[in-house]
Amino acid sequence: MSAETHPELTKNQALVFGSLSGAGGPLTAYAILDQLRDDGFRAPLQVYRALDKLVEYGMVHRLESLNAFVACAHTGCAAHGAAAFAICERCGDVSEFTPEKAIDLLRNWTEQQGFRLSRTTIELRGTCKACVSSN
């Protein structure tokens with residue numbers, strides 16, 4: 001997904017999204033702030049406001065376990081409200097994927113329980129294939 005597909009982005013939102021898109025991995029809000037100081041960012045609140053909107057648009061995901069953000073790797077995440085990530089604890093690589101069967105099971109459970117689901121984020125922590133191979 002690109003900033004061009006969301007013409008309603010503010011300048012700050014576009015800058016934050018560009019920073020995340022070019023990062024190649026997750027960034028904390030403070031790392032984004034450091035990258036964007038020359039573009040007029042002075043306070044963490046500026047970054048967090050932009051991130052909140054980008055998450056709402058489905059362009060960015062928050063990785064709870066890392067307290068960081070990553071640009072969405074799939075189109076349509078906002079539509080299905082679910083994302084999953086495999087996070088390597090050795091090299092820090094983050095891969096986004098969509099486990100349809102697991103998401104279906106979770107949705108069915110929430111419906112049976114009468115729980116109103118707003119979004120689903122699954123985080124798997126472990127060791128990626130490249131790091132396993134290097135042992």
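Residues numbered from 1 in each chain as written. Predicted model: local features only at pLDDT ≥ 70, side-chain atom pairs only at ≥ 80, totals over all residues. Heavy atoms only, no water.

Draft legend 1. Region of the structure containing the overall build of the protein. Broken down by element type, the protein carries six helices and five strands. Taken from the N to the C terminus, the helices and strands of the protein come in the order α-α-α-β-β-α-β-β-α-β-α. Expressed along its principal axes, the backbone C-alpha trace of the protein runs to roughly 45 × 45 × 25 Å. When burial is assessed residue by residue, the protein has 33% of its 135 residues classed as buried. In the protein, 53% of the contacts between residues at least 6 apart in sequence involve partners at least 24 apart. Carbon together with sulfur atoms contributes 51% to the accessible area of the protein, which is approximately 8100 Å² in total. Computed over 13 positive and 15 negative side-chain charges, the separation of the two mean positions in the protein equals 3 Å. (Helix = DSSP H or I, 4+ residues; strand = E, 2+ residues; numbered from the N terminus. Buried < 20%, exposed > 50% of the residue type's maximum accessible area, 1.4 Å probe, protein only. Contact = heavy atoms within 4.5 Å. Areas by Shrake-Rupley, 256 points an atom, 1.4 Å probe, with all protein chains shown as cover. Lys, Arg positive; Asp, Glu negative; His and termini not counted. Charge placed at Lys NZ, Arg CZ, Asp CG, Glu CD.)

Draft legend 2. Structural context of helix 5 (residues 100-113). Here helix 5 is 14 residues long and its end C-alpha atoms lie 20 Å apart, about the 20 Å a rise of 1.5 Å per residue gives. Gly114 occupies a position one or two residues after helix 5 and carries a positive phi of about 75°. (Expected span 1.5 Å × (residues − 1).)

Draft legend 3. Geometry of the side chain of Ser19. Turning to its location among the elements, Ser19 is positioned in helix 1 (residues 11-21). Here Ser19 falls in the buried class, since its relative accessible area comes to 9%.

Draft legend 4. Looking closely at the nonpolar core. Grouped together as the largest cluster of nonpolar side chains are 19 residues, with contacts concentrated most on Val16, Leu20, Ile32, Leu51 and Val60. In this structure, Leu63, Val70, Ala83 and Phe85 belong to the second largest nonpolar core, which totals six residues. (Core = buried A, V, L, I, M, F, W, Y, C linked by side-chain atoms within 4.5 Å.)

Draft legend 5. Up close: the pairing of strand 3 (residues 82-88). Of all seven residues in strand 3, six are buried; the element is thus mostly enclosed. The pairing of strand 3 with strand 5 (residues 120-126) spans seven bridges and is parallel. When the sheet's bridge partners are listed, Ala86 is paired in strand 5 with Leu124. Summarising the sheet, strand 3 and strand 4 (residues 94-97) pair through four bridges and their orientation is antiparallel. Residue pairing for strand 4: Ile87 is matched across the bridge by Val94. What sits between strand 3 and strand 4 in their antiparallel hairpin is a turn of five residues, with Gly92 showing a positive phi close to 85°. (Pairing = 2+ DSSP bridges.)

Draft legend 6. Highlighting the sheet that holds strand 4. Spatial ordering of the open sheet is given by 4-3-5, a layout of three strands whose pairing is mixed. The strands lining the two open edges of the sheet, one partner per strand, are strand 4 and strand 5. Across the sheet, the axes of successive neighbouring strands diverge by a mean angle of 20°, strand direction being ignored. (Axes fitted to C-alpha atoms, helices over the stretch in contact; angles between N-to-C directions.)

Draft legend 7. Expanded view of unusual backbone geometry. Positioned with a positive phi, Asn67 is a non-glycine residue whose angle comes to about 50°. Counting through the fold element by element, Asn67 comes out in the loop between strand 1 (60-63) and strand 2 (68-71). On the accessibility criterion, Asn67 (40% relative accessible area) is partly exposed.

Draft legend 8. Molecular detail of a nonpolar patch on the surface. A contiguous nonpolar surface patch, about 300 Å² in accessible area, is contributed by Tyr30, Leu45 and Tyr48. You can see Tyr30 is positioned in helix 2 (residues 29-36). (Patch = residues over 30% accessible without salt bridge, like charges linked within 9 Å, V, L, I, M, F, W, Y side chains within 5 Å. Salt bridge = Lys/Arg side-chain N within 4 Å of Asp/Glu carboxyl O.)

What is shown is where atoms sit, not what they do.
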